[in-house]
Structures are given as C-alpha cells and as structure tokens.
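As a plain string of letters, each chain reads:
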Amino acid sequence: MKVGFIQCAIISVIFAVIGYLVFSSSGMETSLPLTVAASLLFSGIVTPYLASLFGTSAITAEPESGVSGETATLYVGNLPYKANEDAVKEYFNSYVNVQSVRLMKDRRTGKRKGYGFIEVVTSDVDQAITELNDKVFLERTLKVRPAKEKGEME
DNA sequence: GCTGAGCGG
C-alpha cells in the first residue's frame, strides 16, 4: 500500500479538524489560528509516523533501498585499447541495464590494460553474462565473466 | 607508440 502526498494531506487535515474540535470543546480560551497551527504541528508528527508504518518514502524521501534489482559486477576482458567508457556503456546498455563502467588503464603510464568492470542491474546474472559474452565490439570479441574479487557485498 | 593474456581503486 502506498501513501502519497495526497493521502498525507488528507490525514493532516483530518487531524487538524480533530485537534480543533478537541481544543474547542476543552473550554480553553484559544484563538483559531493558534489552534489550527497546533493541530497542524501535531499532524505533522503523526502523519510521517503513519507513513513510516506503511513503508512509504513520500515523507522521509529516503534514497533507493535497492529494490529495483540486484547489481552484479562483471568482468569484461579483451576490450579494444581504443575504447572509452562511454562507448562501452552505450554498447552494453542496449543489452542490459548498465549502472557503471570502469575501464582499467594504468595510472602511471595511462596505457589501457584492455579489460574493465561493469555493474549491471539484472535479476539473473548468468543470463546477463550469456547476453554479453562473446559480443563483438569494435572488431573485438568481448569476454564477460562474473567478477572474481571485490564481490558486491550487500 | 604499437600490443592482446588478463580480475581492479
């Protein structure tokens, strides 16, 4: 169940009305703006709490908790030396959802080592590998394997 | 600056 801004606004108004009725029937001498302000302040505390109960991110606006799939790190070998990361990313994006591309080139000399690592978002890693493995990119047959080290930890 | 197996910051 999703709780959006409209629902939160409705709940806030409801609590504002309830608060106004409570303050009015309490016999206290309170002004109307002060009552409404206090009620809205109270609803501002209750509404995010209710929203957190429903597991929504409308109020807290928390960053994506990675529910949109698993990100797997894949090793890509046999890459052409004359290949930049953007071209590789664009090339792999036509097959799988590429999140990041890292082409390993030596920092001292700047020479490309000819391999790199990509992070793809897929439910099945083997399927992504079979989709990307032995693909010809710039006259080179790419070798895609699951990354051996630096395994992606939750 | 080319090259051609390879698992990194």
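Our subject is the structure listed above.
Residues numbered from 1 in each chain as written. Chains lettered and ligands numbered in written order. Predicted model: local features only at pLDDT ≥ 70, side-chain atom pairs only at ≥ 80, totals over all residues. Heavy atoms only, no water.

Caption draft 1: Structural context of the overall build of chain A. For chain A, the count of helices and strands is four helices and six strands. Seen in sequence order, chain A has helices and strands lined up from the N terminus as α-α-β-α-β-β-α-β-β-β. A buried classification covers 27% of the 154 residues belonging to chain A. Considering only contacts within chain A whose residues lie at least 6 apart along the sequence, 62% involve residues at least 24 apart. Entry remark: accessible area of chain A is about 10900 Å², with carbon and sulfur atoms responsible for 58%. (Helix = DSSP H or I, 4+ residues; strand = E, 2+ residues; numbered from the N terminus. Buried < 20%, exposed > 50% of the residue type's maximum accessible area, 1.4 Å probe, protein only. Contact = heavy atoms within 4.5 Å. Areas by Shrake-Rupley, 256 points an atom, 1.4 Å probe, with all protein chains shown as cover.)

Caption draft 2: Representation of the sheet that holds strand β2 (residues 97-105). Reading across the sheet, the four strands line up as β2-β3-β1-β6 and stay open at both edges, with antiparallel pairing between neighbours. Of all the strands in the sheet, the pair left with one neighbour each is β2 and β6 (143-146). With strand direction ignored, the average angle separating the axes of adjacent strands in the sheet is 25 degrees. The pairing of strand β1 (residues 70-77) with strand β3 (residues 112-122) spans seven bridges and is antiparallel. What sits directly across from A72, in β3, is V120. Against the sheet, helix α3 (residues 85-93) engages β1, β2 and β3, with an angle of about 145 degrees to β2. (Pairing = 2+ DSSP bridges. Axes fitted to C-alpha atoms, helices over the stretch in contact; angles between N-to-C directions.)

Caption draft 3: Looking closely at the protein's contact with DNA strand B. The local shell around DNA strand B holds 18 residues, among which L79, Y81, R102, K113 and E149 are the closest. The sugar-phosphate share of atoms of DNA strand B within 4 Å of the protein amounts to 15%. At a separation of 3.3 Å, a base nitrogen of DNA strand B approaches a polar backbone atom of G114. Interatomic distance of 3.2 Å between a backbone N/O atom of K148 and a base oxygen of DNA strand B. Contributing elements (two or more residues each) for the surface near DNA strand B: β1, β2, β3 and β6. (Near = heavy atom within 4 Å. Polar contact = N/O pair within 3.5 Å; in protein donor to acceptor, adjacent residues only side chain to side chain.)

Caption draft 4: Quick look at empty space enclosed by the protein. In the structure shown here, the tally under the stated rule is one cavity of 30 Å³ or more. What the largest cavity holds in volume is close to 50 Å³. Elements with a minimum of two residues in the lining of the largest cavity: β2 and β3. Broken down by element, the lining of the largest cavity gets its largest block of residues, four residues, from β3. (1 Å grid on protein atoms, 1.4 Å probe; cavity = no way out; pocket = protein on both sides within 12 Å on 5 of 7 lines; lining within 4 Å. Points joined across faces, edges and corners; volume = space filled by probe spheres on them.)

Caption draft 5: Representation of the environment of G69 within the structure. Mapped onto the fold, G69 is located in the loop between α2 (32-53) and β1. G69 sits 55 residues away from D124 along the chain, and the two C-alpha atoms are 9.5 Å apart.

Caption draft 6: Expanded view of the pattern of salt bridges. The tally for this structure, following the rule as stated, stands at two salt bridges. Across the pair E119 and R102 runs a salt bridge, and its minimum N-O distance is 3.4 Å. You can see E119 sitting in strand β3 and its partner R102 sitting in strand β2, a full 17 residues away along the chain. Here D106 makes a salt bridge to R108, at a shortest N to O gap of 3.4 Å. (Salt bridge = Lys/Arg side-chain N within 4 Å of Asp/Glu carboxyl O.)

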